[in-house]
Each structure stands twice: as C-alpha cells, then as structure tokens.
Amino acid sequence: GEVPADRYTATVQLVDALRFDFGTPTSPVADSYTRVTEATAYNPTAGFGWLAGAVQSRDRNGGTALTRDFNFANSATYGVDLPAGLYSLTVTVGDLSWAHDNMALYAEGVHLDTLSTASGQILTRTYVVGVSDGQLTLDLRDLGGSDANAVINGLVISSFEDLRGPQVVSAVPSGSTIDTVDHVRLTFNE
C-alpha cells in the first residue's frame, strides 16, 4: 500500500571483472585470467601492461596456477585503462619459496598497504580505488628490509558501486516519546 513516489529505486550495472595472472611466459595461467609477464609492456590497444620498472618473473612449479608464479621488481608501475569510477582491486602477493617484506602497494598515487609475506605465504587483499583519469596505475615498491623486491601474483579489478540507499540524517520528533505522534519528518542525505 505504499505510495510509489515514496519508494527509493536504484540501478546497478554489473561489469565483468578484469583478471590478471602475473607469471612467466611458460607458466600456467589461472582460468578466466589474462597472462602478464615481465615483457607485457603497456599497449594502448590491449589497454594494460607494465608502464615502468625493471620487472622480472619466477615460476616455483607448485601451488595453483595463480600462486605458483609472479612478477617482481624493486619498483614498478602497472597500468589498466578504465573509465572513471570506483573499482574494487583484489591483489594477490607472495612467493612459495622466499619471504618478501615491506612491499608497498599504491593505486592512483595513494598508499594502499604495506605487506610482508613469509616463505610459502600468499596474501590476498581487497581495496576500493577511484579512477578519474582513464587509467588505473598500480605501483609496487620495496621499502627496504631483508628482501629488495615487491611481488605480485594476481590482480582482479571489478566495478564498485555504492549500493547503500539514502541515509536518514535527521528525524523530527527525535529520541523516544510516549505521546501520540501523527507524523514524522525524515531528512535524507540524497
């Protein structure tokens, strides 16, 4: 029995995720992922690739197609062409045979995290990042310590929509009352 004008309606567009498996030219690639090697330089036709850095790769011949191999560098920048918007980045880092410490992740120039992994440890972290210039840049930087490299095994980029509807910012009357109330005034943030 609600009046249609009182309803909140939103539209959400779901976009397939972009999935990148960082490894060697011959190591297996995880299902539904795109292979990225040390030689995958940025190409405007493909819309992704390494923009900067002396990138190398390793395959440890164990684990899953995503975790067995990786790209690494002391400092490197990976780029993906994306329309302006909010995105969820899921980054997988680690090495089945070596510890890596103080690996800094930056996206769009913003420091997201500094991660360390023990030998054999794989970490997966998700961040929300805004892109405004048509290209996501993900920087990997080693910040010192016992190992001089930052590693990346995988990257998943998904569209991120704020799915919250309008929020109540004030109500009159407010608090609690024992009196009869014939109306309530709500103010929303949008």
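Residues numbered from 1 in each chain as written. Predicted model: local features only at pLDDT ≥ 70, side-chain atom pairs only at ≥ 80, totals over all residues. Heavy atoms only, no water.

Draft legend 1. Up close: the side chain of T37. In this fold, T37 is placed in the loop between β2 (34-36) and β3 (48-53). A relative accessible area of 8% places T37 in the buried class. In terms of polar contacts, T37 uses its side chain to reach the backbone amide nitrogen of A39, at 3.1 Å. T37 has contacts with G23, T24, P25, W50 and N71, leaving out every residue within four places of it along the chain. (Helix = DSSP H or I, 4+ residues; strand = E, 2+ residues; numbered from the N terminus. Buried < 20%, exposed > 50% of the residue type's maximum accessible area, 1.4 Å probe, protein only. Polar contact = N/O pair within 3.5 Å; in protein donor to acceptor, adjacent residues only side chain to side chain. Contact = heavy atoms within 4.5 Å.)

Draft legend 2. Looking closely at a nonpolar patch on the surface. Taken together, the side chains of V168, V181, V184, L186 and F188 present a nonpolar region at the surface, about 430 Å² in accessible area. Note that V181 resides in the loop between β14 (168-172) and β15 (185-188). The exposure class of V181 is partly exposed, given its relative accessible area of 39%. (Patch = residues over 30% accessible without salt bridge, like charges linked within 9 Å, V, L, I, M, F, W, Y side chains within 5 Å. Areas by Shrake-Rupley, 256 points an atom, 1.4 Å probe, with all protein chains shown as cover. Salt bridge = Lys/Arg side-chain N within 4 Å of Asp/Glu carboxyl O.)

Draft legend 3. Spatial organisation of unusual backbone geometry. Geometrically, the link from V172 to P173 is a cis peptide bond, its omega value of 0 degrees lying close to zero. With respect to the helices and strands, the residue P173 is situated in the loop between β14 and β15. Within the chain, S32 stands out as a residue other than glycine whose phi angle is a positive 65 degrees. On the secondary structure map, S32 appears in the loop between β1 (18-22) and β2. For N61, which is not glycine, the phi torsion reads 60 degrees and is therefore positive. Within the secondary structure, N61 sits in the loop between β4 (56-59) and β5 (69-73).

Draft legend 4. Summary view of the sheet that holds strand β8 (residues 100-107). Reading across the sheet, the five strands line up as β3-β6-β11-β8-β9 and stay open at both edges, with antiparallel pairing between neighbours. Across the chains shown, the open sheet's two edge strands, defined by having one partner strand only, are β3 and β9 (110-117). The mean inter-strand angle of the sheet, taken between neighbouring strand axes irrespective of direction, is 20 degrees. (Pairing = 2+ DSSP bridges. Axes fitted to C-alpha atoms, helices over the stretch in contact; angles between N-to-C directions.)

Draft legend 5. Expanded view of the packing of aromatic side chains. Applying the stated criterion across every chain, the model contains six aromatic pairs. Considering the side-chain rings of W50 and Y78, the 5.2 Å spacing of their centres and the 70 degrees angle between planes classify their relative orientation as edge-to-face. Taken as a pair, W50 in strand β3 and Y78 in strand β6 (residues 75-81) lie far apart in primary sequence, 28 residues in all. Of the two residues, W50 and Y78, both sit in the buried class. Following the ring pairs from residue to residue traces out a cluster consisting of F20, F22, F48, W50 and Y78. We note R141 situated over the ring of Y106; from NZ or CZ to the ring centre the distance is 3.9 Å. (Phe/Tyr/Trp six-rings, centres within 6.5 Å; stacked < 30°, edge-to-face > 60°. Lys NZ or Arg CZ within 6 Å of the ring centre and 35° of its normal.)

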